[in-house]
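# A closer look at the structure
Okay, here's what each chain looks like letter by letter:
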Amino acid sequence: MLSNINRIMSIEPYFFYIIVFLFGLCVGSFLNVLIYRLPRRLSLVRPPSRCPSCGRRLGALELIPVLGYLFLKGRCLQCRQPISPRYPLVELATACLFTAIYHGFGFSLAGLGYLLLLTLLLAVALIDLEHRIIPNSLVLTGLIAGLILQLPSAGARWFDLPPRLAPALPLTDALAGLALGGGLLLIIILVSRGGMGAGDMKLMAMIGFYVGLRGTAVVMMIGFLLGAVTGLILIAARRLTRKDAVPFGPFLSLAALIEIFWGPLLWDWYINLLR
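Notes on the structure in this doc start here. Small disclaimer: the values here were computed from a predicted structure and weren't measured.

### Digging into the overall build of the chain
From N to C terminus, the chain includes 9 helices and 0 strands. Secondary structure elements in the chain, listed N-terminal to C-terminal, are α-α-α-α-α-α-α-α-α. Along the three orthogonal principal directions, the C-alpha set of the chain runs to about 65 × 60 × 35 Å. Residues counted as buried form 38% of the 275 residues belonging to the chain. Sequence separation of 24 or more characterises 67% of the internal contacts of the chain that already satisfy a separation of 6 or more. Accessible area for the chain stands at about 16,300 Å²; split by element, carbon and sulfur atoms hold 69% of it. In the chain, 23 side chains carry a positive charge and 11 a negative one; their mean positions are 11 Å apart.

### Quick look at the packing of aromatic side chains
Applying the stated criterion to the full structure yields 10 aromatic pairs. Seen in terms of ring centroids, tyrosine 17 and tyrosine 102 are 4.9 Å apart; in terms of plane orientation they differ by 75°. Their pairing is edge-to-face. Of this pair, tyrosine 17 sits in helix H1 (residues 2-37) while tyrosine 102 sits in helix H3 (residues 86-105); the two residues are 85 residues apart in sequence, bridging distant segments of the chain. Residue classification places tyrosine 17 among the partly exposed positions, given a relative accessible area of 26%. Between phenylalanine 248 and phenylalanine 251 the ring centres are 6.4 Å apart and the planes differ by 45°, which places this aromatic pair in the tilted class. The exposure class assigned to phenylalanine 248 is buried, which follows from its relative accessible area of 8%. One Lys or Arg, arginine 40, reaches over the ring of tyrosine 36 and ends 4.0 Å from the middle of that ring.

### Description of the nonpolar core
Counting 47 residues, the largest nonpolar core has Leu117, Leu121, Leu203, Ile207, Val219 and Leu252 as its most contacted members. Within the residue set of this core, elements represented by two or more residues are H1, H3, helix H4 (109-131), helix H5 (136-149), helix H7 (171-192), helix H8 (198-236) and helix H9 (249-274). The leading source of residues in this core is H8, at 12 residues. Setting aside residues up to four positions removed in sequence, valine 219 forms contacts with Met204, Ile207, Val211, Leu252, Ala255, Ala256 and Glu259.

### Comments concerning H3
Helical geometry note: an α-helix holds 3.6 residues per turn, so side chains three or four residues apart project in the same direction. Relative to the 28 Å expected for 20 residues at 1.5 Å per residue, H3 spans 28 Å between its end C-alpha atoms, a close match to the ideal helical length. All of the buried residues along H3 are Arg86, Pro88, Val90, Glu91, Thr94, Ala95, Leu97, Phe98, Thr99, Ile101 and Tyr102. Two residues or fewer past H3, glycine 106 is found with a positive phi of approximately 65°.

### Observations regarding the pattern of salt bridges
Summed over all chains, the structure comprises 2 salt bridges. A salt bridge links arginine 40 to glutamate 130; the shortest N-O distance between them is 3.3 Å. Of this pair, arginine 40 sits in the loop between H1 and helix H2 (67-72) while glutamate 130 sits in helix H4, placing them 90 residues apart in sequence. Here the salt bridges share partners, and the residues they tie into one network are Arg40, Arg86 and Glu130.

### Some thoughts on the packing of H5 against H8
Contact geometry for H5 and H8: axes closest at 10 Å, N-to-C directions at 20°. Regarding the angle of H5 to H8, the classification is roughly parallel. In this structure, H5 crosses over H8, and the sense of that crossing is left-handed. Counting all contacts with H5, which are made through Asn136, Leu138, Val139, Gly142, Leu143, Ala145, Gly146 and Leu147, the residues of H8 involved are Lys202, Leu203, Met206, Phe209 and Tyr210. Taken together, the residues of the contact of H5 with H8 break down into 9 nonpolar, 3 polar and 1 charged.

### Overview of the side chain of arginine 37
By the secondary structure assignment, arginine 37 is in helix H1. In contact with arginine 37, other than residues within four places in its own chain, are Leu42, Ser43, Leu44, Val45, Arg46, Pro47, Pro48 and Ser49.

### Some details on unusual backbone geometry
Positive phi values are uncommon outside glycine, yet lysine 73 reaches one of about 55°. Within the secondary structure, lysine 73 sits in the loop between H2 and H3.

### A word on the packing of H7 against H8
One can describe the packing of H7 onto H8 by two numbers: an axis separation of 7 Å at closest approach and a directional angle of 120°. Once H7 is placed against H8, the crossing between them reads as right-handed. Counted by class, the contact of H7 with H8 contains 20 nonpolar, 6 polar and 2 charged residues.

### Side note on a nonpolar patch on the surface
Residues Leu61, Ile64, Leu67, Leu70, Phe71 and Leu77 make up a contiguous nonpolar surface patch of about 570 Å² in total accessible area. Inspection of the secondary structure assignment puts isoleucine 64 in the loop between H1 and H2.

Calculation notes
- Residues numbered from 1 in each chain as written.
- Predicted model: local features only at pLDDT ≥ 70, side-chain atom pairs only at ≥ 80, totals over all residues.
- Heavy atoms only, no water.
- Helix = DSSP H or I, 4+ residues; strand = E, 2+ residues; numbered from the N terminus.
- Buried < 20%, exposed > 50% of the residue type's maximum accessible area, 1.4 Å probe, protein only.
- Contact = heavy atoms within 4.5 Å.
- Areas by Shrake-Rupley, 256 points an atom, 1.4 Å probe, with all protein chains shown as cover.
- Lys, Arg positive; Asp, Glu negative; His and termini not counted.
- Charge placed at Lys NZ, Arg CZ, Asp CG, Glu CD.
- Phe/Tyr/Trp six-rings, centres within 6.5 Å; stacked < 30°, edge-to-face > 60°.
- Lys NZ or Arg CZ within 6 Å of the ring centre and 35° of its normal.
- Core = buried A, V, L, I, M, F, W, Y, C linked by side-chain atoms within 4.5 Å.
- Expected span 1.5 Å × (residues − 1).
- Salt bridge = Lys/Arg side-chain N within 4 Å of Asp/Glu carboxyl O.
- Axes fitted to C-alpha atoms, helices over the stretch in contact; angles between N-to-C directions.
- Parallel < 35°, antiparallel > 145°, perpendicular 65-115°, else oblique.
- Left-handed = near helix turned anticlockwise from the far one by under 90°.
- Nonpolar A, V, L, I, M, F, W, Y, C, P; charged D, E, K, R; others polar.
- Patch = residues over 30% accessible without salt bridge, like charges linked within 9 Å, V, L, I, M, F, W, Y side chains within 5 Å.

Structure follows, in structure tokens:
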């Protein structure tokens, strides 16, 4: 009996990892719909998923994340046009995000907040890359959800809440991050006279709300560094000129991911470097 219990306890953590990964695949499948339809102002519900080339409605087997793409061998069954590999890659990326957040933060309110942020940022980055826009609806969704996730901290004044229900940041730190992120990019927009879009400012404000004051500083530093290095490489490769604009949303999104997983280590390294 005791050996059976020990065996179950040893299997249970892996079981949760599998469940989280599979759930992430399903969310990634929905993200593909959102990434394709939202910038085109199409309904996220109707019509059902179809081949973007011939319009044929996809069958149940074809809608299975990743496996559906493999089943189709990357082509539509009817018109045989190639299907972008972006679809399975987004599904796998989302599943990996879910698994990494679960591994780092477990089932907690802080983990839920970071998971929501990174999922939205994945959609924002891909939309910004393709369409050069950052949808206000995604930023507003992130801010509203962030405020809702702060509600348990208000109840902590009167009730003892378990650590899992504690938000990642106090509300004051979240608001400070929002003000710093949005405020600094607003100054850059005014000084550069349109060199950076208002969408980037709103996005950085949302990110700041989730990562706080110190995290905002790290995200902006990494984001600008990534953007500058990438721009120089593309200019050197003659893929861009100095006058071409580079979407900044993907760099901020990647910087936010780095901050969530490795931000404290980078901050400590930077502070020690200054001493």
